[in-house]
Amino acid sequence: MALPTHAQIVIVGGGIAGCSTAYHLAKLGKTDVLLLEQGQLTSGTTWHAAGLVGQMRPNRTMTQMSKYGIELYATLEAETGLATGWKQCGSVNVAKTPERMKVLRKQLAMARSFGVECHEISPAEAGEKAPVLRTDDLQGALWLPGDGKANPADLCMSLAKGARQRGVKIVEGVEVTGVTISRERVTGIATAQGEVTCEVVINCGGQWARQFGRLAGVNVPLYPAEHFYIVTGRIPGVLPEMPVLRDPDGFIYYKEEVGGLVMGGFEPQAKPWKVDPIPSTFQFQLLDEDWDQFEILMKNAIHRTPCLETAEIKMLLNGPESFTPDGNFILGEAPELRNYFVCAGFNSAGIANSGGAGRLIAEWVVGGEPSTDVWDVDIRRFASFTGNRKALAERTGETLGLHYAMRWPRQELETARPLRTSPLYDLLKGKGAEFGSKNGWERVNYFRGTAARPEPTLSAPGWLPWMIDEQRATREHVALYDQTSFGKLLLQGRDALALLQRLCANDMDVPVGRMVYTPMLNARGGIETDLTVMRQGPDRFLLVTGSAQSTRDADWIRRHVDADAHVTLTDVSALYSVLSVMGPRSRELLARVSPDDLSPDALRFSWTREIDLGHARVTAARMSYVGGPGFELYVPIEMARHVYLALTEAGAGLGLRDAGYYALDALRIEQGRRAWGAELGPDETPWEAGLHFSVKMDKPGGFLGRDALAAQRGQPLRKKLVSVVLRDPQAYAWGGESIELHGAPAGELGSVGFSPLAGACVGLGYVRGAAANVPHAATPAHILLWGERVPVELHDQWPPR
């Protein structure tokens, strides 16, 4: 086919992601679509993928995406006439250790809550389903009968045919060498065969997506790693109906193929493929065998399936796959460039995820925003610094290995750190701070002094006593939190107030010096972000948001700025430190270092003022995320060290203690403070989240999402946020546990922390259906904690006020 000179939408990349995107765009009525592939369809990584297809993902939205993909693969052959190799053989996931079995039981509870058929089976039953398995050292297994496998190349060709049948043009042998841009929008693409004008570009370039993104100034942080599996000859007892097998404790998986086994895995320390740029001519090619790298997987496989010791090994396949810094794929419209979309970085799960991901990106292109909450895979979770190639290579060596590794609660990634640090980093490290990372920022989790870092656990953590001491200081004396990692966006211009009034559900026309907590909503009434806005002048506002949200929030605001609006938005996150002084003696502490009157009459709650502090000038805000008295201090970054030292010196005799984010998070949960990305997101409305106070329905001019909220008023809730108080003080929950009412799944916990007030863990979670439309005041219920039913109470409001 000759290269057209125009198409409304150009898809770059003809692997499974590109073909699925084309197919779903066509199903939505977008047929002026051109898919360009530099080689032949599937010739990058799709052709050598293993083809395992599972349903379970870490959250409800992604699981629904995977379930849809399986439904699509099961019906595609009937639609297109091309075989896909789809076989619903089910899957068996085995556990060797007691800890892994607990994790599998949590997955079982989640599966039932998400509507996925899943069963716990014994080691003997696992052996019956897969006679090649050694089972004498297993704790148990999960059986998911709806899982399966497909032939990746056939599946891709079937999707391509389905797209062509609806009018999509597919041209192979065309390398896209550039993107043309006008006024920060896509206008076309360049190739050796000529230019094509277009309105939308979708980067489905697989392992080339990062270098192709750079051509347009778009950050796509992924990196290839060598990825291995063996193919055996026929093995007695290996039958076509054998389920997909996963042994995460051995880092390995299996599937049946032509009477033999395909066995691969995710070794703990991976091998990045350090080729940059990847040649466009790398088509239907593999890398050299590396038995040393594969050794740990082979040893574990021989243990789990002894038949491999004597089986014929036809080949060790080494094909590169791309991995992202957090192990989740990348989806969405790039914040750097309008109408430039990305669907890539599938972390060796492209076959399982591309069916659903293709639909999600197509809906995003057509609808202008995602149809559901996709934050876990949203491209805007990555700031521009994540494109650093050295950091990507190091992180890829870690994230590939975590695919099957035991993921402990609150486990932190270790590579490419530290990067973004507060001016207090070295001081706090010297005091025994244990750091975590959020959006590249090093943030104190807790202080352990000179003690060793506790071993990871599924039960009550070793750091709990230290965190409780920090909580006690916050509630009884005074604690100092370094919250420099807050996102801070400065909005200025004569149209700044009008823009905020249109985007914010709360009323932003407040006096200078006032702070306002507000959600920003989408057209469905879902919460796109929640933030605190500080009015610094008639046309000047400081927007304070979560550490992970600054790129996303800035993009949301900028895309709603009218072309003729007089407004500028600047990310000033790195210009200010935030030191939070929390507790009943916080004002007493500040009085020792500042001559300014900070009494409740002089500085009311949610107001700010400039004060002297030591030798510095800072903005003091009477605000407390943890509940109770407290102040947030906004300090010029170069003065932060001085202010911190002045506060710590003045705190002698007041019980002042440094505190970290574990204490802060647990205390905000105790007080029912919501967090975006945990309790709040694009699929939750203020009515469901209990944020009625932050919505001003009668605000002049209305706001984005108001019509949806008005229509929902008086209607039954789909879900409702409740506080969940554990009745057993020895039970330690982490979040994600299924909530049961009357023995049936009713929802899931989001955030959980230890509450000094309750003397036990307290969480926040949504209940759904009928449970969302009745009041809860100590309603008895259960959560499933590592497979055990633990009694809890549900409260609409806790602690009772």
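Residues numbered from 1 in each chain as written. Predicted model: local features only at pLDDT ≥ 70, side-chain atom pairs only at ≥ 80, totals over all residues. Heavy atoms only, no water.

Draft legend 1. Spotlight on the sheet that holds strand β6 (residues 140-144). One open sheet accounts for eight strands, arranged β5-β6-β4-β14-β15-β16-β13-β17; its pairing is mixed. Of all the strands in the sheet, the pair left with one neighbour each is β5 (119-121) and β17 (313-323). Direction aside, the axes of adjacent strands within the sheet are offset by 25° on average. (Pairing = 2+ DSSP bridges. Helix = DSSP H or I, 4+ residues; strand = E, 2+ residues; numbered from the N terminus. Axes fitted to C-alpha atoms, helices over the stretch in contact; angles between N-to-C directions.)

Draft legend 2. Structural detail: helix α16 (residues 661-670). Summarising burial for α16: nine of the 10 residues are buried, a large majority. Buried residues of α16: Tyr661, Tyr662, Ala663, Leu664, Ala666, Leu667, Arg668, Ile669 and Glu670, and no others. Structurally, α16 contributes buried residues whose contacts are with β21 (441-447), α11 (464-476), β22 (478-482), β35 (744-755) and β36 (760-768). Of the residues one or two after α16, Gly672 is the one with positive phi, at around 75°. (Buried < 20%, exposed > 50% of the residue type's maximum accessible area, 1.4 Å probe, protein only. Contact = heavy atoms within 4.5 Å.)

Draft legend 3. Local environment of the layout of surface pockets. Considered as a void within the structure, the second largest pocket measures approximately 1,000 Å³ in volume. Looking at the lining of the second largest pocket, the elements with two or more residues in it are α8 (350-367), α13 (550-558) and β27 (568-571). For the lining of the second largest pocket, the element with the most residues is α13, which contributes five residues. (1 Å grid on protein atoms, 1.4 Å probe; cavity = no way out; pocket = protein on both sides within 12 Å on 5 of 7 lines; lining within 4 Å. Points joined across faces, edges and corners; volume = space filled by probe spheres on them.)

Draft legend 4. Quick look at the sheet that holds strand β31 (residues 630-636). A sheet is described by the order of its strands in space; here six strands give the open sequence β29-β30-β31-β28-β22-β32, paired in mixed fashion. The open sheet has two edge strands with one neighbour each: β29 (608-613) and β32 (656-659). When strand polarity is set aside, the average angle formed by the axes of neighbouring strands in this sheet is 30°. In this sheet, β31 lies alongside strand β28 (residues 576-582) in antiparallel orientation, the contact comprising seven bridges. Note that in β31 the partner of Val578 across the bridge is Tyr634. Contacting β22, β28, β29, β30 (616-622), β31 and β32, helix α14 (residues 586-593) crosses the sheet at an angle of about 35° to β31.

Draft legend 5. View of the nonpolar core. The biggest cluster of nonpolar side chains holds 48 residues, and the ones touching the most others in it are Ile9, Ile11, Leu25, Ile202, Phe329, Leu331 and Cys343. Counting only elements with at least two residues in this core, the list comes to β1 (9-12), α1 (16-27), β2 (33-37), α2 (60-80), α5 (152-165), β12 (200-203), β19 (340-344) and α8. Considering every element that reaches this core, the biggest residue donor is α8, with eight residues. Once residues lying within four places of it in the same chain are set aside, the contact partners of Phe329 are Met62, Met65, Ala344, Gly345, Phe346, Asn347, Asn353, Ala357, Val377 and Arg381. Judged by nonpolar contacts, the second largest core, of 43 residues, contains Leu464, Met467, Tyr662 and Cys761. (Core = buried A, V, L, I, M, F, W, Y, C linked by side-chain atoms within 4.5 Å.)

Draft legend 6. Structural view of the side chain of Ser738. In this fold, Ser738 is placed in strand β34 (residues 738-741). Not counting residues up to four positions away in its chain, the partners in contact with Ser738 are Ala109, Ser113, Pro745, Gly747, Glu748, His782, Ile783 and Leu784.

Draft legend 7. View of the packing of aromatic side chains. Under the defined criterion, the tally for this structure stands at 17 aromatic pairs. Look at Phe228 and Phe294: their rings are 6.2 Å apart centre to centre, the planes differ by 50°, and that puts the pair in the tilted class. Here Phe294 lies in helix α7 (residues 291-304) and Phe228 lies in strand β13 (residues 223-232), a separation of 66 residues in the sequence. Under the relative-accessibility criterion, Phe228 is labelled buried at 0%. On the accessibility criterion, Phe294 (0% relative accessible area) is buried. Members of the aromatic cluster, connected to one another through ring pairs, are Tyr446, Trp463, Trp466, Tyr662, Tyr732 and Trp734. Here the guanidinium or amino end of Arg359 rests over the ring plane of Tyr68, the centre of that ring lying 3.8 Å away. Between the NZ or CZ atom of Arg443 and the centre of the ring of Tyr661, over which it lies, the distance is 3.7 Å. (Phe/Tyr/Trp six-rings, centres within 6.5 Å; stacked < 30°, edge-to-face > 60°. Lys NZ or Arg CZ within 6 Å of the ring centre and 35° of its normal.)

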